[in-house]
Structures are given as C-alpha cells and as structure tokens.
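# Survey of secondary and tertiary structure
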Amino acid sequence: MLTDYHTHTERGPYTVEWLTQFLDKAKQGQIAEYGVSEHAYRFKQAASLLDNPWTRERRTEDLDQYFEMVQEARRAGHHVKFGIELDYVPGSEKELARFIESYPFDYIIGSVHWLGDFGFDLLEMKSQWENRDVEKTYSEYFSILTQMVESRLFDFVGHADVIKVFGYEPTNEAFLRSWYERMAETFARYDSVIEVSTAGLRKPVGKMYPAPDFLRACRAANVPILLNSDAHRPEDVGADYDIAIPYAKAAGYDTLTVFTQRERSTFPIG
Ligand SMILES: [Zn+2]
Ligand SMILES: [Zn+2]
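Every value quoted in this text rests on a predicted model; they were computed, and no experiment measured them.

### Regarding the overall build of the protein chain
Helix and strand counts for the protein chain stand at eight helices and 11 strands. Its C-alpha atoms give the protein chain a radius of gyration of 17 Å, near enough to 18 Å, the size a compact globule of 270 residues would have. When its C-alpha atoms are laid out on the principal axes, the protein chain stretches across 50 × 40 × 30 Å. Within the protein chain, buried positions represent 42% of all 270 residues.

### A look at the sheet that holds strand β7 (residues 156-157)
Strand order across the open sheet formed by seven strands is β1-β2-β3-β4-β7-β8-β9, with parallel pairing between neighbours. Of all the strands in the sheet, the pair left with one neighbour each is β1 (3-4) and β9 (225-228). Bridging between β1 and strand β2 (residues 33-39) involves two bridges; their strand directions are parallel. Within β2, the position partnered with Thr3 by the bridge is Glu33. Each of β8 (193-197) and β9 touches helix α8 (residues 241-250); the most contacted strand, β9, lies at about 165 degrees to it.

### Examining unusual backbone geometry
At the junction of Tyr209 and Pro210, the peptide bond is cis and its omega measures out at -15 degrees in the coordinates. Notably, Asp191 is not glycine yet its phi reads approximately 60 degrees, a positive angle. Mapping Asp191 onto the fold places it in the loop between α6 (173-189) and β8. Its 11 C-beta neighbours within 10 Å are what place Asp191 among the exposed residues. The phi torsion at Asn222 lies on the positive side, around 60 degrees, for a residue other than glycine. One can find Asn222 in the loop between α7 (212-220) and β9.

### Regarding the environment of Glu169
Relative to the assigned elements, Glu169 resides in the loop between β7 and α6. The exposure class assigned to Glu169 is partly exposed, which follows from the 15 C-beta atoms found within 10 Å. Residues Glu169 and Val205, spaced 36 residues apart in sequence, show a C-alpha to C-alpha distance of 9.1 Å.

### Looking at the pairing of β8
Most of β8 is tucked away: five of the five residues are buried. Side-chain alternation along β8 places Val193, Glu195 and Ser197 on one buried face and Ile194 and Val196 on a second face that is also buried. Pairing of β7 with β8, which is carried by two bridges, proceeds in the parallel orientation. Bridge pairing links Phe156 to Val193 in β8. With respect to chirality, the unit in which β7 leads through α6 into the neighbouring parallel β8 is right-handed. At this point the chain moves from β8, through α7, to the parallel β9, and the crossover so formed is right-handed.

### Some details on helix α1 (residues 16-28)
Helix length check: α1 (13 residues) gives 18 Å between terminal C-alpha atoms against 18 Å at 1.5 Å per residue, within 8%. Listing the buried residues of α1 in full gives Leu19, Phe22, Leu23, Lys25 and Ala26. Seen along its axis, α1 keeps its buried residues to an arc of 155 degrees; they face one direction. Turned more than 90 degrees from where α1 packs its buried face, Glu17, Asp24 and Gln28 sit exposed. Those residues of α1 that are buried lie in contact with β1, β2 and α3 (63-75). At the C-terminal side of α1, Gln30 shows a positive phi close to 55 degrees.

Conventions we followed
Residues numbered from 1 in each chain as written. Chains lettered and ligands numbered in written order. Predicted model: local features only at pLDDT ≥ 70, side-chain atom pairs only at ≥ 80, totals over all residues. Helix = DSSP H or I, 4+ residues; strand = E, 2+ residues; numbered from the N terminus. Rg over C-alpha atoms; globule rule 2.2 N^0.38 Å. Buried ≥ 20, exposed ≤ 12 C-beta atoms within 10 Å, placed from the backbone. Pairing = 2+ DSSP bridges. Contact = placed C-beta atoms within 7 Å. Axes fitted to C-alpha atoms, helices over the stretch in contact; angles between N-to-C directions. Right-handed = clockwise from strand over helix to strand, strands pointing away. Expected span 1.5 Å × (residues − 1). Arc of directions from axis to C-beta.

In structure tokens:
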C-alpha cells in the first residue's frame, strides 16, 4: 500500500477532468490511497481562520466547488480522499474546530507556515530570513508546532521541519537534536501521525521532510507515518517515492497510515 494524501489541484479548475490527471499519475505510481488537500486559506468559507494581507488577496475560491469535484470523481468510480491543509496559528482553535466540522473531510492536515506575519516558506518573504536569528526562528516554529499538536485538531502533521525550506539551517546539531526529541515525544503523547514528504527535494533545501534524525526520533517514539508528495501539479504526484520508501524503511518504518472519514487504519509499506 502506498499513500499520497498531500496534493494541491489549485493551479487548475475544480473539474474532474483536471483531477483525473492527478489520479492517473497516482495510478501509474501504484498509489492506492490518493487524496486532495487544498490550502484552506484559498476558500471564502475559511476567511475567519487566517486573515492577513497575503491570504486576503488569495481568498478567491468556493469550498463547495472543491467538494463537488471530489464527489463527482467518486460518482465516476474514482477512489479519492477528501482532505484539507489548514494553517495553524495560535489562538485559532475554536474557529478551526468549527470549520473542520463543517465538511465531511477524510483527513485534516495541520501545517505551520506562519510565524506572526512572517510566511517563512514564501518566496516573496524569503529576504526576511537574512535579518533573522536562525535558531530563534526554529524555536519559534517548533513551539507553534507543539501548540498545534496539543490542540488535537488535526489528523496528521504536514512537513514537520519545513522551516528549513530555503536552506537556512542551524549549525548546532545538539540544538536540532533536542528539538527533534522533544517534538517526537509531543507527537507520541498527543497520538499524532506525521508525513514523510518528498516536497523538500523540490525546494532550495533539497532534502526530505523530516530530517533523518528527526524521523528516527519519531520512530523511536512510535509515531506513525504516511508518505506524501505535496504535489502542486499532476506530474509530482508520488514524486521521488523511489527515495522516500527506502528513506522511511531505513528509519525503521514498515507501515503507513490511511484515513477514511477521519478514522485510521494501517497497512504495510509498498
Ligand atoms: Zn504546506
Ligand atoms: Zn501543501
């Protein structure tokens, strides 16, 4: 069994024709469990969740159309899961809970992309990294990620160390190791699942999420995983799984988690 639950169709229309291109790629990659997970900030229905100048400009879509695309694909006989990628910002828990209840999602991805006004993975904000203390920024990121997991609102954690996206990484290995261990403990305590994502391979950092030591710490704490690409175009569905599968196995994993209507099950990898 292979999964790819973290994909975005946002560069095309919400039509089955467009979605079929993603589904075809999943089929080619023998990915039995495929799902879409659009960014919530794009939808008018999510306006109360994260409101800043950047999201306001991009809030142009209707979630009903997105859901309708998935339902239509199912009626046409496709197996496709209905997910969403939510931005976690501290203090938004009540609004998030209300939003999550309002659609029949198969799974909810919790991601941290914002440290206050700093969208740290956005190209247009990359220059801000130059004026930042890298360790402090990582600590802020992992602290918010901890609060996200403690909220218990999400089914799995998106790209757990995406903070390294542009290649700004602490040189102090003990600092990183300490965060990895604390995060792995937090994931375990709150019964979280994390994704092993190939997206970082297509970003300036050129590395898998999470880092090998981070993933090993998660394995040691018995934190379950699934495999995802974070594809934003059909050709990236299942991208680099020839790297990701041995990567997960090398960390000691032999199963993946699957979600249906927010219920988990577990299957052997491959
Ligand atoms: Zn993301
Ligand atoms: Zn994503």
